[in-house]
Structure formats: C-alpha cells, structure tokens
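This is what each chain is made of:
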Amino acid sequence: MTTCASAPFDHAQADVILRSADGVEFRVFKLFLSLASSFFETLFSLPQAPDGATDQEMKDGLAVIAVSEDSKTLDSFLRFCYPSTLADDPSLENLTDVLSVLAVARKYSLDLIEKKVCQALANPKVLETEPIRCFAVARNARLTHETITAARHTLRQPLIPAHFSEIGLITASELLALLTYHKNCSIAVQPLTKDFKWLTDHYVNRNACTWLFGPYYNSCNCGQVTDNRFSLWGINTVTWWATYMKELSELLMDRPSGDTVRTAADRTIQTVRRTGCTACSNSVKESMTELSNLLALKVDEAAAAVCSLFYIRDKS
C-alpha cells in the first residue's frame, strides 16, 4: 500500500513520482532534481519509449521511479534539491540522519548536499555534546577534515568512552587510533603542569603576579606550599594554587583540553571564595581567569601538535 508524501511533495503539477522503499510517493518536479543532481539530469534526458512499449509503471500519467531510500531519507534529500522558497533545508542534528543523507548525496551526485552534510558534522552544538559519535560518522564517510575536528573535540571527554550507538561504523583499529591519539595528547600536555616557564615568560617577574604568593606579599591566611616543585622565582606559591595545579595534572590525563583547564579554574575560584580569605577572594577571579586562559591556550597548542600527526589510512 502506498501513501502520498506531505507538502511540498504532493503538488498537482508535478511531472514525476519517486516512490520510497516504505511506499511513500513523492510527486516532484524533474527540473529541480536535474538542476541539483547530474544523476537525475542524465536520467531525465534519456529518450522515452512510446506509451505501452516498456514496463515503466505509470500513475496519473506520471512515471513512477522506485528508489531504495526510506521516506525520511528521501524527504531530507529532496528538500536539499528544492528551492528554499518551497522547502526548508532539513535539520541534520541527528547524526544517523547525517550518514543516510550523505550516502544519498553521493549516490545521486549531489556535491552541494555533501558540503552541507559536512557542515552539519561541524556544528559546534553537536560536536560539543557528541564528539565521538561525530568521529564515527565522519570516519565511516571518509571525511578527513571532519574526522580530525571531531577527534579534537573528544579530548574534552574521558579517555575511555561510554558505549555509543555508532560504534559499529568504525573498525577496532580506528577506535584504537582515536584512543591512542587521546593518550598521546594527555602525555603531550603534562609538561605544562610541571614546568612553569609558560607562566614566568608571561608575567616576566613576580611583581606582576603577587597573588600567586599569598602571605609573602599580603595578609593572606591561605598559607604557602612547602613543595619546591611549585615555587616561582625562588618563592613558594600560595597553597590553593599548588593544589589546583596538582589536581589539574590528573584531570588532563583524562581530558587533555583547554576546557578542562578553565573548568578546574572555576572550581578553584569558588573554593577560594568559600575560605573567607579577603586578600585572595578579592583577586582570585580576575587572576585565575587570566592564568587559566593562558594555560588553556598552551594545552590546546600542545594537543594540536599531536593532532597534526593523527592520521588513519583509508582502506584500498
């Protein structure tokens, strides 16, 4: 049993019918499809046999072309083909839809749709919440740039991901490559939590960051760390900053991203304010925001150097 698609694919003046695999009939215009797709342009330009001379199915005087795509995929595909005044581009925030529409775009030679699908995979909202799913879809579609972009965004999440529905789209070696990349980024950023040259180069001298030394410069009651690993210019730093750097080192092993640096800094700001130390509470937000933005940039730069080496060889 067949049904008719909804507007705008039910037009009375349409000149061809596309029937989806699940029996939905789309009454469409050859012109729109021909302009969007060289496949359809060639198909519709083929000489037509006289009436009754072929087994071409007809309905209401229109040729019926059966396609293998389901109605949801066909609807998305056709909306890309139609002028925007007649049909809005479909939303591709669902990653399953992205993969199916990309397959159709390639099958029917729609380069513009493929570009829009790539843009959907680069949607910040999707990348920030579902980076590993984006990675799987992009890798399965052999989209190199989108694969690397998604891999970078996975650094904001734990090294070992939870199960995700698209895991079957990639091979074990591809997943291993992603996990290895994640681990290598974790290793690459670790020196930043041990060697503070990035900090001393930025501030030049201790007088530009007196907040880091607590009681050494003011009436701070937070105390100074005794661990010389956290001394700067030969002076031990305030205890809560050393604690921040220690905790951050562990966090970056699991999430080697600038976002991790900023999130940890926000927690430290709240912790310091709860201590009631007037000297530190008054300056901690401005000071830690500046420092964490600087460190976040350094972390992302270190990870980016690893990402330039991230490469998965396509199957021949």
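Residues numbered from 1 in each chain as written. Predicted model: local features only at pLDDT ≥ 70, side-chain atom pairs only at ≥ 80, totals over all residues. Heavy atoms only, no water.

Participant: What exactly am I supposed to notice about the overall build of the protein here?
Facilitator: Helix and strand counts for the protein stand at 13 helices and 7 strands. Taking 2.2 N^0.38 as the reference for a compact globule, 316 residues should give roughly 20 Å; the C-alpha atoms of the protein span a radius of gyration of 29 Å, well beyond that estimate. Along the first, second and third principal axes, the C-alpha set of the protein runs to 95 × 40 × 30 Å. In the protein, which comprises 316 residues, the share counted as buried stands at 45%. Of the roughly 16400 Å² that the protein leaves accessible, carbon and sulfur atoms contribute 53%. Averaging the locations of the 31 positively and 36 negatively charged side chains of the protein gives two centres separated by 8 Å. (Helix = DSSP H or I, 4+ residues; strand = E, 2+ residues; numbered from the N terminus. Rg over C-alpha atoms; globule rule 2.2 N^0.38 Å. Buried < 20%, exposed > 50% of the residue type's maximum accessible area, 1.4 Å probe, protein only. Areas by Shrake-Rupley, 256 points an atom, 1.4 Å probe, with all protein chains shown as cover. Lys, Arg positive; Asp, Glu negative; His and termini not counted. Charge placed at Lys NZ, Arg CZ, Asp CG, Glu CD.)

Participant: Explain the pattern of salt bridges here, please?
Facilitator: Pairing between side chains of opposite charge can happen when their charged atoms approach one another. The full count for this structure, using the stated rule, is 14 salt bridges. With its nearest N and O atoms 2.7 Å apart, the salt bridge here joins Glu25 to Lys59. One end of the pair, Glu25, is in strand 3 (residues 24-28); the other, Lys59, is in strand 4 (residues 58-59), and 34 residues separate them in sequence. Taking the relative accessible area as the measure of exposure, Glu25 reaches 2% and is therefore buried. Its relative accessible area of 28% is what places Lys59 among the partly exposed residues. The closest approach of N and O atoms between Asp259 and Arg156, which form a salt bridge, is 3.3 Å. Here the residue Asp259 occupies a position in helix 12 (residues 258-275), and Arg156 occupies one in the loop between helix 8 (144-154) and helix 9 (172-189), the gap between them amounting to 103 residues. Overlapping salt bridges bring together Arg19, Glu25, Glu57 and Lys59 as one network. (Salt bridge = Lys/Arg side-chain N within 4 Å of Asp/Glu carboxyl O.)

Participant: Got a minute to help me understand the sheet that holds strand 2 (residues 16-19) in this structure?
Facilitator: Neighbouring strands of a sheet are bound in pairs by backbone hydrogen bonds; such pairs are parallel or else antiparallel. Sheet architecture is open: 5 strands sit in the order 1-3-2-5-4, paired in mixed fashion. If you trace the sheet from one side to the other, it starts and ends with strand 1 (3-4) and strand 4, each paired once. Two elements, strand 4 and strand 5 (residues 62-66), share 2 bridges in a ladder whose sense is antiparallel. Considered in strand 5, the bridge of Met58 is made with Ala63. Of the strands in this sheet, strand 2 and strand 3 touch helix 3 (residues 71-81), which is tilted by about 15° from strand 3. (Pairing = 2+ DSSP bridges. Contact = heavy atoms within 4.5 Å. Axes fitted to C-alpha atoms, helices over the stretch in contact; angles between N-to-C directions.)

Participant: Could you clarify how one ought to interpret the packing of helix 9 against helix 11 (residues 239-254) in this entry?
Facilitator: For any two helices packed against each other, one specifies the crossing angle of their axes together with the interaxial distance. Following both chains from N to C, one finds helix 9 and helix 11 inclined at 155°, their axes separated by 7 Å at the closest point. Comparing their axes, helix 11 and helix 9 come out roughly antiparallel. Contact residues: His182, Lys183, Ser186 and Val189 in helix 9; Leu252, Met253 and Asp254 in helix 11. Among the residues forming the contact of helix 9 with helix 11, the class breakdown is 3 nonpolar, 2 polar and 2 charged. (Parallel < 35°, antiparallel > 145°, perpendicular 65-115°, else oblique. Nonpolar A, V, L, I, M, F, W, Y, C, P; charged D, E, K, R; others polar.)

Participant: Honestly, the packing of helix 4 (residues 95-107) against helix 5 (residues 111-121) in this entry has me stumped. Any pointers?
Facilitator: The N-to-C vectors of helix 4 and helix 5 enclose an angle of 160°; their axes lie 9 Å apart at closest approach. Judged by the angle between their axes, helix 4 and helix 5 are roughly antiparallel. When you trace helix 4 past helix 5, the crossing you get is left-handed. In this structure, helix 4 uses Leu95, Val98, Val101, Leu102, Ala105 and Arg106 to contact helix 5, whose residues at the interface are Ile113, Glu114, Val117, Ala120 and Leu121. A class-by-class count of the residues in the contact of helix 4 with helix 5 yields 9 nonpolar, no polar and 2 charged. (Left-handed = near helix turned anticlockwise from the far one by under 90°.)

Participant: What is the right way to look at the nonpolar core in this model?
Facilitator: Note that soluble globular proteins tend to have their nonpolar side chains buried in a common cluster. In this structure, Phe26, Val28, Leu33, Phe77 and Leu78 are the most contacted members of the largest nonpolar core, which totals 54 residues. Not counting residues up to four positions away in its chain, the partners in contact with Val28 are Phe9, Ala14, Asp15, Val16, Leu18, Leu33, Leu78 and Tyr82. By size, the runner-up hydrophobic cluster in this structure holds 38 residues, among which are Leu192, Met288, Leu295 and Val299. (Core = buried A, V, L, I, M, F, W, Y, C linked by side-chain atoms within 4.5 Å.)

Participant: Even after reading the chapter, I still don't get the environment of Thr226, so can you show me in this structure?
Facilitator: In this structure, Thr226 sits in the loop between helix 10 (197-203) and strand 6 (231-232). The exposure class of Thr226 is exposed, given its relative accessible area of 71%. Thr226 sits 24 residues away from Glu250 along the chain, and the two C-alpha atoms are 20 Å apart.

Participant: Looking at this structure, I do not really get the packing of aromatic side chains. What am I missing?
Facilitator: Both the distance between ring centres and the angle between the ring planes are used here to describe each pair of aromatic rings. Scanning all chains against the criterion turns up 14 aromatic pairs. Between Phe39 and Phe40, the aromatic rings sit 5.3 Å apart at their centres with planes inclined by 90°, giving edge-to-face as the arrangement. On the accessibility criterion, Phe39 (37% relative accessible area) is partly exposed. Taking 6.0 Å as the distance between ring centres and 20° as the angle between the ring planes, the aromatic pair formed by Trp211 and Trp240 counts as stacked. Here Trp240 lies in helix 11 and Trp211 lies in the loop between helix 10 and strand 6, a separation of 29 residues in the sequence. Comparing Trp211 with Trp240 shows no difference in burial state: the two are buried. Each member of the aromatic cluster is reached from another via a ring pair, and the members are Phe9, Phe26, Phe29, Phe32 and Tyr82. (Phe/Tyr/Trp six-rings, centres within 6.5 Å; stacked < 30°, edge-to-face > 60°.)

Participant: So what exactly am I meant to see when it comes to the pairing of strand 3 here?
Facilitator: Consecutive residues of a regular strand have side chains that alternate between opposite faces of the sheet. Among the 5 residues in strand 3, 5 count as buried, and that is most of the element. Residues of strand 3 alternate between two faces, with Val24, Phe26 and Val28 on one and Glu25 and Arg27 on the opposite face, all of them buried. By the bridge criterion, 2 bridges tie strand 1 to strand 3 in an arrangement that is parallel. Note that in strand 3 the partner of Cys4 across the bridge is Glu25. As defined by bridge partners, strand 2 adjoins strand 3 across 4 bridges and the pair is classed as antiparallel. The partner of Arg19 across the bridge, within strand 3, is Glu25. Once strand 2 ends, the chain turns through 4 residues before running back antiparallel as strand 3, passing Gly23 with a positive phi of about 85°.

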